[in-house]
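Observations on the three-dimensional arrangement
Listed below, chain by chain, are the residues.
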Amino acid sequence: MFNNLINLFTRPLDEIKPTTHEAGILALSALFIRIAKLDGNFDKSEREKIKELVKNRFQLGEEQTENVLVLAAKLESQSNDNIQFTKIIKESVAYEDRFSLLKDCWLLVMADGTRSYEEDGFMRLFCSLLGLSDKDNAIARLKLIAISSSCLLYTSPSPRDVE
């Protein structure tokens, strides 16, 4: 299903006509991989988070998800054009759904427990390319930080439990 999509970035778009949905899946998956690599450490937690995000967002089976990720990794390594990725994503994701996409990207940024300047900078750029505001970017990030903090507070023992 996705075999011809890799050609999206090597041949003119009018020569290849994948469905918008397929192109969006591959472009978003490649962008997820790019985000995970921004801090120079593409670790297992980030790989698993990408797999989970792709599988759940697009309701793919295990084998389909693996195939998408293999193709997306090739595409990500062959292209340095974030604008082309984002253009395809915008064509396949409605404006109303882009905020949840932004939250997914922040989940990925935070999957390894750290944030780098490169990741913050990329997320500002990506948010702008999606047509969302800096405020949207901050709200998405802060919501995830609040959720992460509340989860940590919930699972941490209280001082009374330690005594």
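Owing to the predicted nature of the structure, the values given are computational and were not obtained by experimental measurement. (Residues numbered from 1 in each chain as written. Predicted model: local features only at pLDDT ≥ 70, side-chain atom pairs only at ≥ 80, totals over all residues. Heavy atoms only, no water.)

1. Details of the packing of aromatic side chains
How we decide: Between 30 and 60 degrees the pair is tilted, below 30 it is stacked and above 60 it is edge-to-face, where a pair is any two Phe, Tyr or Trp rings, Trp via its six-membered ring, whose centres lie within 6.5 Å. The helix and strand labels rest on DSSP assignments: H or I over at least four residues marks a helix, E over at least two residues marks a strand, and numbering proceeds from the N terminus. Each ring is checked for a lysine NZ or an arginine CZ that lies within 6 Å of its centre and within 35 degrees of its normal; such an atom marks a charge sitting over the ring.
Per the counting criterion, the structure on display carries 1 aromatic pair. Between F122 and F126 the ring centres are 6.1 Å apart and the planes differ by 10°, which places this aromatic pair in the stacked class. With F122 and F126 both in helix 6 (residues 117-129) and 4 residues apart, this pair spans about one turn of that helix. Against the face of F42 rests R47, its NZ or CZ located 4.4 Å from the ring centre.

2. A few points about the packing of helix 2 (residues 44-58) against helix 3 (residues 62-78)
Heads up, the condition is: Only the stretch in contact is used when fitting a helix axis, every axis being a line fitted to C-alpha atoms; angles between N-to-C directions are given from 0 to 180 degrees. Two helices that cross are described as forming a left-handed crossing if the nearer one is turned anticlockwise from the farther one by less than a right angle, and a right-handed crossing if clockwise. It only takes one pair of heavy atoms within 4.5 Å for two residues to be counted as in contact. Put simply, Ala, Val, Leu, Ile, Met, Phe, Trp, Tyr, Cys and Pro go in the nonpolar bin, Asp, Glu, Lys and Arg in the charged bin, and everything else, Gly too, in the polar bin.
At their nearest, the axes of helix 2 and helix 3 sit 10 Å apart, and the two run at 120° to each other. Helix-helix and strand crossings are classified by hand; for helix 2 and helix 3 the assignment is right-handed. Contacts between helix 2 and helix 3 pair I50, K51, V54 and K55 from the former with E62, T65, E66, V68 and L69 from the latter. In the contact of helix 2 with helix 3, the residues fall into 4 nonpolar, 1 polar and 4 charged.

3. Quick word on the layout of surface pockets
We apply this condition: Residues are called lining when one of their atoms sits within 4 Å of a cavity or pocket point, these points coming from a 1 Å grid over the protein atoms alone, where a cavity is a set in which a 1.4 Å probe fits but cannot get out and a pocket is an open set with protein on both sides within 12 Å along at least five of seven lines. Grid points are joined across faces, edges and corners, and a volume is the space filled by probe spheres set on the points.
Approximately 180 Å³ is the volume found for the largest pocket. In terms of lining, the largest pocket is formed by I33, K37, F42, R47, E48, I50, K51, E66, L69 and A73. Residue assignment for the lining of the largest pocket shows that the elements contributing at least two residues are helix 1 (20-37), helix 2 and helix 3. If you tally residues by element for the lining of the largest pocket, the top one is helix 2, at 4 residues. Residues of the lining of the largest pocket, tallied by class, amount to 5 nonpolar, no polar and 5 charged.

These figures capture arrangement, not role.
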